[in-house]
Amino acid sequence: MERYDEVITQCDSALNMGLQMLDLNNFFYDTEWLDERDYLYMASNPEIVFTMGYATVQDYVTPATNDYGNTSLVYSASQSLIDEYRVDAEVLDLRFRCYFERHWINSDRFGVVKNYSYEQYWEYPVVFDSFLIRTVEIYLNKAEAQAMKGDLAGAIATLQPLFDTRYAPGMQPKLSSSSEKELVNFIRSERRRELCFEGHRWPDLRRYAVNTKYPLETTIRHMVYETENGEYAGYYLLKPYGTDNGWIMPFGSKEISYSEGVLENPDRPERPNEDPNFRRE
């Protein structure tokens with residue numbers, strides 16, 4: 001809605017409660033055994049403000065062999081997401097190793113393990129990946145609002161807790177010379193890196209698309225994998241907003257019935273598989 005002053009006021013009221021951040025510098029993740037590493041979605045995480053729902057992501061993208069010897073990885077992180085994380089001589093994003101694990105069999109693909117907990121297979125989980133609210137989102141919301149208002153120094157200062165807890169000491173991003181648009185784009189990318197697989201990405205893409213100051217014009221490639229064996233099965237494209245009706249969710253059948261014909265959905269032709277090398281027989 002671009003009511004940035006109200007965003008900043010709300011974020012400040014939450015931050016004044018003394019909410020904490022989890023420092024990934026203290027994470028233990030350098031192990032090949034999933035039950036021996038640390039995880040983000042634990043009851044001891046001081047960032048977690050609210051959680052409900054069911055932990056569904058780990059059932060499909062955990063890249064380790066399960067109790068039945070099944071090593072297939074049905075879903076995996078997109079390569080565009082993996083490419084967002086800087087791990088080089090100047091910047092070391094700790095989230096790349098803390099949130100992802102390379103698949104044992106499909107070495108070119110990554111599964112997300114930020115939401116995995118070995119104990120959740122034996123006990124009913126208490127932290128879920130659905131409808132999860134964490135402290136870190138407050139900093140990202142406020143920084144984005146500040147950057148949109150032109151307060152670049154304020155936005156960078158707001159991001160500092162993320163830099164201190166998500167990047168290695170002395171290997172944090174340098175933003176002091178960034179333009180307003182560059183900083184906005186960095187914060188958008190930071191949201192993707194931090195909040196991945198928590199249900200934020202689709203609403204974020206939709207609001208970026210209609211932003212009046214820096215609208216995002218992008219084509220999204222959605223990779224598809226077979227459910228049974230995790231094999232690649234082509235890709236589908238969502239073209240930029242305004243040229244593709246896939247950005248608008250259709251009315252549900254109950255709403256259409258209840259409206260007695262007032263509501264109706266536009267025609268939605270079947271979306272073709274765009275990979276020229278993949279055709280179903």
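Thresholds, definitions, all that
Residues numbered from 1 in each chain as written. Predicted model: local features only at pLDDT ≥ 70, side-chain atom pairs only at ≥ 80, totals over all residues. Heavy atoms only, no water. Helix = DSSP H or I, 4+ residues; strand = E, 2+ residues; numbered from the N terminus. Buried < 20%, exposed > 50% of the residue type's maximum accessible area, 1.4 Å probe, protein only. Contact = heavy atoms within 4.5 Å. pLDDT = per-residue confidence, 0-100. Axes fitted to C-alpha atoms, helices over the stretch in contact; angles between N-to-C directions. Parallel < 35°, antiparallel > 145°, perpendicular 65-115°, else oblique. Left-handed = near helix turned anticlockwise from the far one by under 90°. Nonpolar A, V, L, I, M, F, W, Y, C, P; charged D, E, K, R; others polar. Lys, Arg positive; Asp, Glu negative; His and termini not counted. Salt bridge = Lys/Arg side-chain N within 4 Å of Asp/Glu carboxyl O. Patch = residues over 30% accessible without salt bridge, like charges linked within 9 Å, V, L, I, M, F, W, Y side chains within 5 Å. Areas by Shrake-Rupley, 256 points an atom, 1.4 Å probe, with all protein chains shown as cover. Core = buried A, V, L, I, M, F, W, Y, C linked by side-chain atoms within 4.5 Å. Phe/Tyr/Trp six-rings, centres within 6.5 Å; stacked < 30°, edge-to-face > 60°. Lys NZ or Arg CZ within 6 Å of the ring centre and 35° of its normal.

Q: Would you mind showing me how to read the overall build of the chain here?
A: Counting secondary structure elements, the chain contains nine helices and six strands. For the chain, with 281 residues in total, the buried portion stands at 43%. Across the chain, every contact between residues at least 6 apart in sequence was considered, and the portion connecting residues at least 24 apart equals 68%.

Q: Would you mind showing me how to read the confidence of the model for the chain here?
A: Caution applies to low-pLDDT regions: their predicted coordinates should not be interpreted in detail. Per-residue confidence for the chain gives a mean pLDDT of 87, with 88% of residues at or over 70. Within the chain, the element-level pLDDT minimum falls on helix 2 (residues 58-61), averaging 69, and the maximum on helix 7 (residues 180-195), averaging 98.

Q: Any chance you could explain unusual backbone geometry here in plain terms?
A: Working note: non-glycine residues mostly have negative phi, and peptide bonds are mostly trans. One non-glycine residue, Glu2, lies in positive phi territory at about 60°. Turning to its location among the elements, Glu2 is positioned in the segment before helix 1 (4-15). Its identity as a non-glycine residue notwithstanding, Glu260 has a phi of 55°, on the positive side. One can find Glu260 in the segment after helix 9 (253-258). Its relative accessible area of 75% is what places Glu260 among the exposed residues.

Q: Is there a simple way to think about the packing of helix 5 (residues 136-148) against helix 6 (residues 152-166) in this case?
A: In helix packing, the relevant descriptors are the interaxial angle and the interaxial distance, both defined with respect to the helix axes. Relative to each other, helix 5 and helix 6 sit at 155°, their axes nearing to 8 Å. Considered as vectors, helix 5 and helix 6 are oriented roughly antiparallel to each other. At the point where helix 5 passes helix 6, the crossing takes the left-handed sense. On helix 6, the residues touching Val136, Tyr139, Leu140, Lys142, Ala143, Gln146 and Ala147 of helix 5 are Leu152, Gly154, Ala155, Thr158, Leu159, Pro161, Leu162 and Arg166. Among the residues forming the contact of helix 5 with helix 6, the class breakdown is ten nonpolar, three polar and two charged.

Q: Where do I start with the side chain of Glu137 in this structure?
A: Its location among the elements puts Glu137 in helix 5. Buried within the structure, Glu137 lacks any salt-bridge partner; Arg191 is the closest side chain of opposite charge, at an N-O distance of 4.3 Å. Not counting chain neighbours up to four residues away, the residues in contact with Glu137 comprise Arg191, Leu195 and His200.

Q: Looking at this structure, I do not really get a nonpolar patch on the surface. What am I missing?
A: Taken together, the side chains of Val49, Phe50, Met52, Phe131 and Ile133 make up a nonpolar region of the molecular surface, amounting to roughly 500 Å² of accessible area. With respect to the helices, strands and loops of the structure, Met52 is situated in the loop between strand 1 (48-50) and helix 2.

Q: Mind showing me how you'd approach the nonpolar core here?
A: Counting 24 residues, the largest nonpolar core has Tyr85, Tyr99 and Phe100 as the members making the most contacts within it. Mapped onto this core, the elements with two or more residues apiece are helix 3 (79-82), helix 4 (95-99) and strand 3 (110-112). For this core, the element with the highest residue contribution is helix 4, accounting for three residues. Contact partners of Phe100, with chain neighbours within four places excluded, come to Arg37, Ala77, Leu81, Ile82, Tyr85, Arg95, Phe110, Gly111, Val112, Val113, Cys196 and Phe197. Tyr139, Leu159, Leu175 and Leu183 belong to the second largest nonpolar core, which has 23 residues in total.

Q: Would you mind showing me how to read the packing of aromatic side chains here?
A: Two aromatic rings, taken as a pair, are described by how far apart their centres are and by the angle between their planes. Counted under the stated rule, the structure contains seven aromatic pairs. When the ring of Phe96 is compared with that of Phe110, the centres are 5.5 Å apart and the planes differ by 55°; the resulting orientation is tilted. In this pair, Phe96 sits in helix 4 while Phe110 sits in strand 3, placing the two residues 14 residues apart along the sequence. In this structure Phe110 comes out as buried when scored by relative accessible area, which is 8%. Arranged with centres 5.6 Å apart and planes meeting at 20°, the rings of Trp202 and Trp247 form a pair that is stacked. Of this pair, Trp202 sits in helix 8 (residues 201-209) while Trp247 sits in the loop between strand 6 (232-238) and helix 9, and the two are 45 residues apart along the sequence. With relative accessibility at 31%, the residue Trp202 sits in the partly exposed group. Put simply, the rings of Tyr85, Phe96, Phe100 and Phe110 pair up and form one aromatic cluster. Geometry around Tyr208 places Arg188 over its ring, the cationic atom sitting 4.4 Å from the centre.

Q: Can you help me understand the pattern of salt bridges in this one?
A: Working definition: two side chains of opposite charge can pair if their charged atoms are close together. Summed over all chains, the structure comprises 25 salt bridges. One salt bridge connects Asp12 with Lys142, and the closest N-O pair in it is separated by 2.6 Å. Taken together, the residues span a long stretch of sequence, with Asp12 in helix 1 and Lys142 in helix 5 at a distance of 130 residues. A salt bridge links Asp93 to Arg95, with the shortest nitrogen-to-oxygen separation between them at 2.9 Å.

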